[in-house]
Amino acid sequence: MPNEKRQTRTHLMQLFEDLGLHPRHELGQNFLIDINLIEFAVAQAELTIDDIVLEVGAGTGGLTTYLSHEAGHVVSVEYDANMHQLASAAVAGKVNVTLLHCDALKNKNHINDVVLAEVEKRLHEAPERELKLVANLPYSIATPLVSNLVATDLPWTMMVITIQLELAQRMKAGPDSDHYGAMSVWLQAQCRVEILKKLTPQVFWPRPKVDSAIVRITPNVEKRQRIRDRGFFLDYVRSAFGQRRKLLGGVLASHYRDRLDRATIDAVLAELSLPEKTRAEELTPAQHVELANRLLVVMPLDNNES
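S.K.: Pulling in residues and values, what's your account of the pattern of salt bridges?
M.R.: By the definition in use, this model includes 16 salt bridges. One salt bridge connects arginine 262 with aspartate 266, and the closest N-O pair in it is separated by 2.9 Å. Linking arginine 262 with aspartate 266, this pair stays in helix H12 (residues 262–271), spanning four residues, or about one helical turn.

Okay, structure coming up:
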């Protein structure tokens, strides 16, 4: 591991002062300043030269530099022009780093095509290459980025991400928990989620107002194969938890009103031995997969399908 000192609080404060810059809170610019934690996150990703790493939120390039010493190639994304300039200086001369200056998301439901194209380009350079997401994610982008990456067919094998603790708890939550929701079901239905370490605000500069966590997510191929249509399942999960306190049958009948009537939905619930008054928050991820699969079977094709 390189002897990097760029991410210390003293260094960053001096760097920002010299350049007349200030962290942008609206972009979630809270930099991890504990070198031991940076090394911990990189170690948990178990990187090899066959790995393509996607990093979102390059910041000053501190983590990017660490990743470049372990991975085959790093595709790092930075939206802020000032941070992109700082990260570019930090990784200058590193031929296995591509630093993109753009938004990582095209919209809330899709990753930016520019990012996808660069990742796919690097993956195709060798047949054994796989993708890992390793990043100190800006809070505002963490949920859609993780959700959308899981939705792709990219050969990702691991995510090691620093995120808000509350989001980590939502990812891990079980039924009847206040944290349990669409993200919980979407991830747990096809992945393993581990909270590796909880982080206090003191390990960041500037200090955020909330606790954070380092989380590892790994795909579960067997679980994923149980989902008949992942695009439909994602739509189902989002709709099911869109009005989480309402009865699930009514929520689904409203969402799929052009393709399914309430009687059919009630029949499917009964077939799966689910009570009429079932709410989305009461079902396990496996039960949601089973219900979505069954709805897909009984659902007629729309006019755009053949």
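S.K.: Break down the packing of H12 against helix H13 (residues 285–298) for me, with residues and values.
M.R.: In the contact formed by H12 and H13, the axes pass within 10 Å of each other and the chain directions differ by 135 degrees. It follows that H12 is oblique to H13 by the angle criterion. Seen from above, H12 lies across H13 with right-handed handedness. For the pair H12 and H13, contact is made by Thr264, Ile265, Val268, Leu269 and Glu271 and by Leu291, Arg294, Leu295 and Val298, respectively. For the contact of H12 with H13, a count of residues per class yields six nonpolar, one polar and two charged.

S.K.: Any details on the packing of aromatic side chains? Residues and values, ideally.
M.R.: Across all of its chains, the model carries seven aromatic pairs by this definition. With a centroid separation of 5.3 Å and 80 degrees between ring planes, the pair formed by phenylalanine 16 and tryptophan 205 is classed as edge-to-face. You can see phenylalanine 16 sitting in helix H1 (residues 9–19) and its partner tryptophan 205 sitting in strand E10 (residues 204–205), a full 189 residues away along the chain. Across the pair, exposure class does not vary: phenylalanine 16 and tryptophan 205 are buried alike. An angle of 85 degrees between the planes, with centres 5.8 Å apart, marks the rings of tyrosine 180 and phenylalanine 241 as edge-to-face. With tyrosine 180 in the loop between helix H7 (165–172) and helix H8 (182–188) and phenylalanine 241 in the loop between helix H10 (230–240) and helix H11 (248–255), this pair connects stretches of sequence that are 61 residues apart. Residue tyrosine 180 shares its accessibility class with phenylalanine 241, and that shared class is buried. Through a chain of ring-to-ring contacts, the aromatic side chains of Phe16, Phe31 and Trp205 assemble into a single cluster. Between lysine 197 and the ring centre of phenylalanine 40, over which it is positioned, the NZ or CZ distance is 4.6 Å.

S.K.: Describe the nonpolar core, and please don't skip the residues or the numbers.
M.R.: Across soluble globular proteins, nonpolar side chains have a tendency to be buried as a group. Formed by 70 residues in total, the largest nonpolar core has its most connected members in Ile161, Met171, Ile217, Phe233, Tyr236 and Leu291. Excluding its chain neighbours within four sequence positions, the residues that come into contact with isoleucine 161 are Leu133, Ala135, Leu137, Val146, Met171, Ala213, Ile214, Val215 and Ile217. In terms of nonpolar packing, the next biggest core, distinct from the first, is built from 23 residues, Leu32, Leu47, Ala71 and Phe204 among them.

S.K.: Tell me what's going on with the sheet that holds strand E2 (residues 51–56), and back it up with residues and numbers.
M.R.: Taken together, seven strands build an open sheet; the order of strands is E4-E3-E2-E7-E8-E11-E9 and the sheet is mixed. The two strands at the open ends of the sheet, each matched to only one other strand, are strand E4 (97–101) and strand E9 (191–199). When strand polarity is set aside, the average angle formed by the axes of neighbouring strands in this sheet is 15 degrees. Each of strand E8 (156–164), E9 and strand E11 (212–219) is contacted by helix H2 (residues 35–44), which is oriented at about 165 degrees to E9, the strand it contacts most.

S.K.: Would you mind going over unusual backbone geometry in detail, with residue names and values included?
M.R.: Of the consecutive residues tryptophan 205 and proline 206, the connecting peptide bond is found in the cis state with omega at -15 degrees. For proline 206, the position within the fold is in the loop between E10 and E11. Of note in the backbone geometry, glutamate 46 takes a positive phi value of approximately 50 degrees without being a glycine. Relative to the elements of secondary structure, glutamate 46 occurs in the loop between H2 and E2. Here aspartate 176, not a glycine, exhibits a phi torsion of approximately 65 degrees, which is positive.

S.K.: Quick rundown of the side chain of histidine 73? Include the residues and the values.
M.R.: Of note, histidine 73 is situated in strand E3 (residues 73–78). Among the polar contacts listed, one links the side chain of histidine 73 to the backbone oxygen of asparagine 96, at a separation of 3.5 Å.

S.K.: Quick rundown of helix H4 (residues 81–90)? Include the residues and the values.
M.R.: Buried within H4 are the following residues: Met83, His84, Leu86, Ala87 and Ala90. End-on view of H4: buried residues confined to an arc of 165 degrees, all on one side of the axis. The exposed residues of H4 that point more than 90 degrees off its buried face are Gln85 and Ala89. In the core, the buried residues of H4 are packed alongside H1, strand E1 (31–32), helix H3 (62–68), E3 and E4.

S.K.: How would you summarise the pairing of E3 if you had to cite specific residues and measurements?
M.R.: The element E3 is extensively covered by neighbouring structure, given that six of its six residues are classed as buried. Residues of E3 alternate between two faces, with His73, Val75 and Val77 on one and Val74, Ser76 and Glu78 on the opposite face, all of them buried. With five bridges connecting them, E2 and E3 associate as parallel partners. Across the sheet, residue isoleucine 52 finds its bridge partner in E3, namely histidine 73. Chirality of the crossover, the property in question, places the unit of E2, H3 and E3 among those that are right-handed. Where E3 lies against E4, five bridges are found, and the strand directions are parallel. From the neighbouring strand, valine 74 faces E4, where its bridge partner is valine 97. For the crossover from E3 across H4 to E4, the handedness is right-handed.

Parameters and conventions
Residues numbered from 1 in each chain as written. Predicted model: local features only at pLDDT ≥ 70, side-chain atom pairs only at ≥ 80, totals over all residues. Heavy atoms only, no water. Salt bridge = Lys/Arg side-chain N within 4 Å of Asp/Glu carboxyl O. Helix = DSSP H or I, 4+ residues; strand = E, 2+ residues; numbered from the N terminus. Axes fitted to C-alpha atoms, helices over the stretch in contact; angles between N-to-C directions. Parallel < 35°, antiparallel > 145°, perpendicular 65-115°, else oblique. Left-handed = near helix turned anticlockwise from the far one by under 90°. Contact = heavy atoms within 4.5 Å. Nonpolar A, V, L, I, M, F, W, Y, C, P; charged D, E, K, R; others polar. Phe/Tyr/Trp six-rings, centres within 6.5 Å; stacked < 30°, edge-to-face > 60°. Buried < 20%, exposed > 50% of the residue type's maximum accessible area, 1.4 Å probe, protein only. Lys NZ or Arg CZ within 6 Å of the ring centre and 35° of its normal. Core = buried A, V, L, I, M, F, W, Y, C linked by side-chain atoms within 4.5 Å. Pairing = 2+ DSSP bridges. Polar contact = N/O pair within 3.5 Å; in protein donor to acceptor, adjacent residues only side chain to side chain. Arc of directions from axis to C-beta. Right-handed = clockwise from strand over helix to strand, strands pointing away.

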